[in-house]
Amino acid sequence: MVNVYWGTEFIEPMLEIFEEKNAKTTFFVGGTWAIDNEENLKKILEKGHELGNHGYHHKDHDKISEEENLNQIKNTHKIVYELTGVEMNLFAPPSGAYNKTTVSCATSLGYETIMWTRDTIDWRDHNADLIYNRAIKNSSGGDLILMHPTEATVKALPRIIDTLQSKGFNMFSGLSGKGVSYELGYSNKCTIGEGEMLENVRKIQERNNIKKTKSLDGRNFTVEMETGTGKTYVYT
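Residues numbered from 1 in each chain as written. Predicted model: local features only at pLDDT ≥ 70, side-chain atom pairs only at ≥ 80, totals over all residues. Heavy atoms only, no water.

*Asks:* When you look at the packing of aromatic side chains in this model, what are you seeing that I'm missing?
*Replies:* How two aromatic rings sit relative to each other is set out by the distance from centre to centre and by the angle between their planes. Counted by the stated rule, this structure contains one aromatic pair. Centre to centre, the rings of Phe 18 and Phe 27 are 6.3 Å apart; their planes meet at 85°, and the pair counts as edge-to-face. Note on accessibility: Phe 18 and Phe 27 belong to one class, buried. In this structure, Arg 159 packs its charged tip against the face of Tyr 132, placed 4.1 Å from the ring centre. (Phe/Tyr/Trp six-rings, centres within 6.5 Å; stacked < 30°, edge-to-face > 60°. Buried < 20%, exposed > 50% of the residue type's maximum accessible area, 1.4 Å probe, protein only. Lys NZ or Arg CZ within 6 Å of the ring centre and 35° of its normal.)

In C-alpha cells form, the structure reads like this:
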C-alpha cells in the first residue's frame, strides 16, 4: 500500500516500476493532495491500481470527534469521485491512528478500515537499503507493506518487488474477493491474502491483541479480539 499526501514527483516513477514488474498496489490518497492531482489520480487508475481513502487533512482519527471522522472520510470520497468517478471503499487511517469511533464511522460510509502489517518507515528514513530490508525481512504471504512516494522508496522498490516475487509472492490491489476471510471481533469479517499461513495469522494476533484463534479448514480462521470493532484487510 502507498499512502500519499505529498511526494507527487515520485508517483510516476513508482507507476513505471510497478508496470515493469507486473505488480499492483493500492494508493491511499489524502483529500488535500487529491484535489490538486487529478492527472495523477487518473494515471494510477489507468495503470490498473486501486484508490483508497486516507482522510482529508492527515489528522489522528483517534483524537477527533465522530463528526470530524465522518467529514474527513466523506470529503475525500467526494473529491475523488468527482475527479475520477471511482467509489472508494477502503480507508487507511493517517498515522495508523484510529479507535472504535473511527472504524464505526468508516463502516457506516461503506468503507473497510485498512492497517499495514509491515512498515518501511520511508517517510522518516531516506535510506533505500533500510527500506528494502524492512520490506522483505521475514516476509510471508498476507503481509501488507506500507510505503510512501519518496526518492529512496523509488530506489528500493525494484529490489523489493524482485525479492518478493522470487519467494513466490504476488503483489495485487483490489482487496475484495482476493483473500480468505476470518471473523474478527463482534462478528465482523477480516480478509487475509491468498497464501496466508498460520504463522502470519499469529503475527496478526499479536499486533491486534487477538486472544483466540480457531482453525476452520486450514485457511479460514475464527478469532476474537479483546478490543476493537470493524474490518481490517491484510494482503500481499
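*Asks:* Whenever I open this one, the packing of helix α1 (residues 11-20) against helix α7 (residues 151-166) confuses me. Can you help?
*Replies:* The description of two packed helices rests on the angle between their axes and on the distance between the axes. It is the contact of α1 with α7, at a shortest axis distance of 10 Å, that shows an interaxial angle of 10°. With respect to their mutual orientation, α1 and α7 come out roughly parallel. Residue-level inspection shows Pro 13, Met 14, Ile 17 and Phe 18 of α1 in contact with α7, the latter providing Thr 153, Val 154, Leu 157, Pro 158 and Ile 161. Split into classes, the residues belonging to the contact of α1 with α7 amount to eight nonpolar, one polar and no charged. (Axes fitted to C-alpha atoms, helices over the stretch in contact; angles between N-to-C directions. Helix = DSSP H or I, 4+ residues; strand = E, 2+ residues; numbered from the N terminus. Parallel < 35°, antiparallel > 145°, perpendicular 65-115°, else oblique. Contact = heavy atoms within 4.5 Å. Nonpolar A, V, L, I, M, F, W, Y, C, P; charged D, E, K, R; others polar.)

*Asks:* Teacher, can you tell me more about the pairing of strand β3 (residues 50-53) here?
*Replies:* Working note: regular strand, side chains alternate between the two faces of the sheet. Because side chains alternate across β3, one face comprises the buried residues Glu 50 and Gly 52, and the other comprises Leu 51 and Asn 53, equally buried. In this structure, strand β2 (residues 26-29) lies alongside β3, joined through four bridges in parallel fashion. From the neighbouring strand, Phe 28 faces β3, where its bridge partner is Gly 52. (Pairing = 2+ DSSP bridges.)

*Asks:* I tried to follow the environment of Arg 159 on my own but got confused; where do I start?
*Replies:* Inspection of the secondary structure assignment puts Arg 159 in helix α7. Here the alpha-carbon distance between Arg 159 and Asp 129, two residues 30 residues apart in the chain, equals 9.5 Å. With residues up to four places along the chain from it excluded, the contact list for Arg 159 reads Ala 128, Asp 129 and Tyr 132.

*Asks:* Is there a simple way to explain the environment of Gly 30 in this structure?
*Replies:* Relative to the helices and strands, Gly 30 resides in the loop between β2 and α2 (31-34). For Gly 30, a relative accessible area of 0% translates into the label buried. The sequence separation of Gly 30 and Tyr 56 amounts to 26 residues, and the corresponding C-alpha distance is 5.1 Å. Here Gly 30 is in contact with Val 4, Tyr 5, His 54, Gly 55, Tyr 56 and Thr 76, once residues within four sequence places are set aside.

*Asks:* Looking at this structure, I do not really get α7. What am I missing?
*Replies:* Because an α-helix completes one turn every 3.6 residues, residues spaced three or four positions apart along the sequence face the same direction. With 16 residues, α7 ought to run about 22 Å at 1.5 Å a step, and its terminal C-alpha atoms sit 24 Å apart, in line with that. Taken together, the buried positions of α7 are Ala 152, Thr 153, Val 154, Ala 156, Leu 157, Ile 160, Ile 161, Thr 163 and Leu 164. Looking at the buried side of α7, the elements it contacts are α1, α6 (128-136) and β7 (145-146). Just downstream of α7, Gly 168 is the residue with a positive phi angle, here 95°. (Expected span 1.5 Å × (residues − 1).)

*Asks:* What is the right way to read the side chain of Thr 153 from this model?
*Replies:* One can find Thr 153 in helix α7. The contacts of Thr 153, once residues within four sequence positions are left out, are Met 14, Asp 122, Ile 131, Met 147 and His 148.

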